[in-house]
Each structure stands twice: as structure tokens, then as C-alpha cells.
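Okay, here's what each chain looks like letter by letter:
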Amino acid sequence: MLRGDITAAIRNAVMNELAEVGYGRLSIEAVARRAGVGKTAIYRRWSNKLEMVLEIVSAVAERSVPMPDTGSFAGDLQLLMFIVSKALQHRIASQIIPDLMAEAARNPKIAETLQRALRTHQLAVGEKIVGQAVTRGELPAGTNADLAVDLMLGPLYWRLAVSRTPIDDDYLENLSHAVIGALRQGGPAT
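All figures in this text were calculated on a predicted structure; none of them were measured in a lab.

Definitions and cut-offs
Residues numbered from 1 in each chain as written. Predicted model: local features only at pLDDT ≥ 70, side-chain atom pairs only at ≥ 80, totals over all residues. Heavy atoms only, no water. UniProt positions renumbered as here; feature names shortened; annotations may be inferred. Helix = DSSP H or I, 4+ residues; strand = E, 2+ residues; numbered from the N terminus. Patch = residues over 30% accessible without salt bridge, like charges linked within 9 Å, V, L, I, M, F, W, Y side chains within 5 Å. Areas by Shrake-Rupley, 256 points an atom, 1.4 Å probe, with all protein chains shown as cover. Salt bridge = Lys/Arg side-chain N within 4 Å of Asp/Glu carboxyl O. Lys, Arg positive; Asp, Glu negative; His and termini not counted. Charge placed at Lys NZ, Arg CZ, Asp CG, Glu CD. Buried < 20%, exposed > 50% of the residue type's maximum accessible area, 1.4 Å probe, protein only. Contact = heavy atoms within 4.5 Å. Domains from an automatic or database assignment. Buried area = accessible area lost by both parts, 1.4 Å probe. Polar contact = N/O pair within 3.5 Å; in protein donor to acceptor, adjacent residues only side chain to side chain. Nonpolar A, V, L, I, M, F, W, Y, C, P; charged D, E, K, R; others polar. Phe/Tyr/Trp six-rings, centres within 6.5 Å; stacked < 30°, edge-to-face > 60°. Lys NZ or Arg CZ within 6 Å of the ring centre and 35° of its normal. Axes fitted to C-alpha atoms, helices over the stretch in contact; angles between N-to-C directions. Parallel < 35°, antiparallel > 145°, perpendicular 65-115°, else oblique. Left-handed = near helix turned anticlockwise from the far one by under 90°.

## Quick notes on the UniProt feature "DNA-binding region" (unreviewed entry) in the chain
Now for step 1: Under the local residue numbering, the UniProt record ascribes the feature "DNA-binding region" (unreviewed entry) to residues 27-46.
Now for step 2: Across residues 27-46, helical content stands at 65% and strand content at 0%; the span's end C-alpha atoms are separated by 13 Å.

## Things to note about a negative patch on the surface
Now for step 1: Side chains of D168, D169, D170 and E173 sit close together on the surface and give a patch of like negative charge.
Now for step 2: With respect to the secondary-structure elements, D170 resides in helix α9 (residues 169-184).

## Some points on the side chain of T113
Now for step 1: With respect to the helices, strands and loops of the structure, T113 is situated in helix α7 (residues 108-135).
Now for step 2: We classify T113 as buried; its relative accessible area is 7%.
Now for step 3: Among residues more than four places away in sequence, those in contact with T113 are L54 and S58.

## A short note on the domain arrangement of the chain
Now for step 1: Per the domain assignment, the segments making up the chain are domain 1 (4-53) and domain 2 (64-184).
Now for step 2: Using only C-alpha atoms to locate each centre, domain 1 and domain 2 end up separated by 29 Å.
Now for step 3: In this assembly, eight residues from domain 1 lie in contact with 10 residues from domain 2.
Now for step 4: Summed over both partners, the interface of domain 1 with domain 2 comes to about 740 Å²; 71% of that surface belongs to carbon and sulfur atoms.
Now for step 5: Counting the surface domain 1 buries against domain 2, the share from its top three residues, A19, Y23 and L50, is 55%.
Now for step 6: One can count one residue pair in polar contact (both at pLDDT 80 or more) joining domain 1 with domain 2.
Now for step 7: Take the side of domain 1 that touches domain 2: its biggest share by element is seven residues, from helix α1 (residues 3-25).
Now for step 8: Within the side of domain 1 that touches domain 2, the residues separate by chemical class into five nonpolar, three polar and no charged.

## Considering the packing of aromatic side chains
Now for step 1: Overall, the coordinates contain zero aromatic pairs when judged by the stated rule.
Now for step 2: One cation-aromatic arrangement involves K49 over Y23; the distance from NZ or CZ to the ring centre is 4.3 Å.
Now for step 3: Sitting above the plane of the Y171 ring, R159 keeps its charged end 4.2 Å from the centroid.

## A closer look at the packing of helix α5 (residues 73-89) against α9
Now for step 1: Two numbers describe how α5 lies on α9: the axes approach to 10 Å, and their chain directions differ by 135°. Looking at the two axes, α5 sits oblique to α9. When the axes of α5 and α9 are compared, the crossing they make is right-handed. Of the residues in α9, those touching α5 at F73, A74, L77, Q78, M81, F82 and S85 are L172, E173, L175, S176, H177, V179, I180 and L183.

This is the structure:
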């Protein structure tokens, strides 16, 4: 295997092990076995389990979600909600996210890494989607972008990652109408 292939195999193995056994039971040995490499291949790249998991999960979490630009806030919001809901329902993500959130309560480094990744995403959504909507006059000037993103994506995280309640297209449509109505009413400015 080439160096890049080995790293990719290890990254894949880490994500699958996290999904199957969680952070607490994840072991370097199991990752090596799943990746088809020796433990030394892992220790050449990372000095311990925490460092390995944080780097790999950060890389995945910080991948930018495609920011819709449909020409309208309603269209952007519906497409963003669809993309995020599919990501949260992904077989591996739906197992890893709740586990890492629980670990974050016990491990400040995991908490900090997750917070940084989520904050980066929240800022990007706020700047692009909410900013465009304000510029186009679809949302009031001074709309609080942080609050708007919380309203836009918070219910999806709650339903899919916390309460693990299935959603359908009707839910996404009703949620987007409720969010648009709330944000158009105005509220606390930035």
C-alpha cells in the first residue's frame, strides 16, 4: 500500500470503529486490524488514540457543507436543511455524533475540537445564507446571524442527533416555513 492509501485506510477504519464501538472502546489495535496495517503505521502518524481521533474527526467535521445559492432564502434554506439532514442521518455520522457529544462532556479536548468545527460551520452558514438573504431584502437588516443559524439547524440536530426522531420531507418543509416566518418577524438584532 502507498503512504496515502495507508492513511486513508486508517482514517476509514477510525470512522467505522467509532461508529461501531464508540470512542471509549476504540483501540489502536482494532483500528490497525480493520485498516490492514500494523500498529506502527498508526503511531508514525499519531502519538495516541485521542490525537488520532481528534485529527480525523476534525477533518471530517470541518469539510465545508456546500452552501446553496438558489437565488432565494427559501430555496437556500430548504436545500441546506436537506443536505444537513442527510448528513446527520448517514449511517456512520448518526452513530459517531451522539457518542462524541457524550465524550465531549468528559473530555475538554474533544469538546473544544467539536465546538471549533461547529462554530466554523455556523459562521459560514450565517455569512453566506443569512447574509445573502439580508442583502436581497428577504430578511430584515440587522438579523442576528447566530440566532438565525440556531433556528435553521438546531431543530435538525435535536431531532436527528439527540432524540433520534425520524423526519420526512413534510417536516423539512414545515420547519423551513416556520424559520422563515420567525426570521421575517425580526427579533433581536446582532
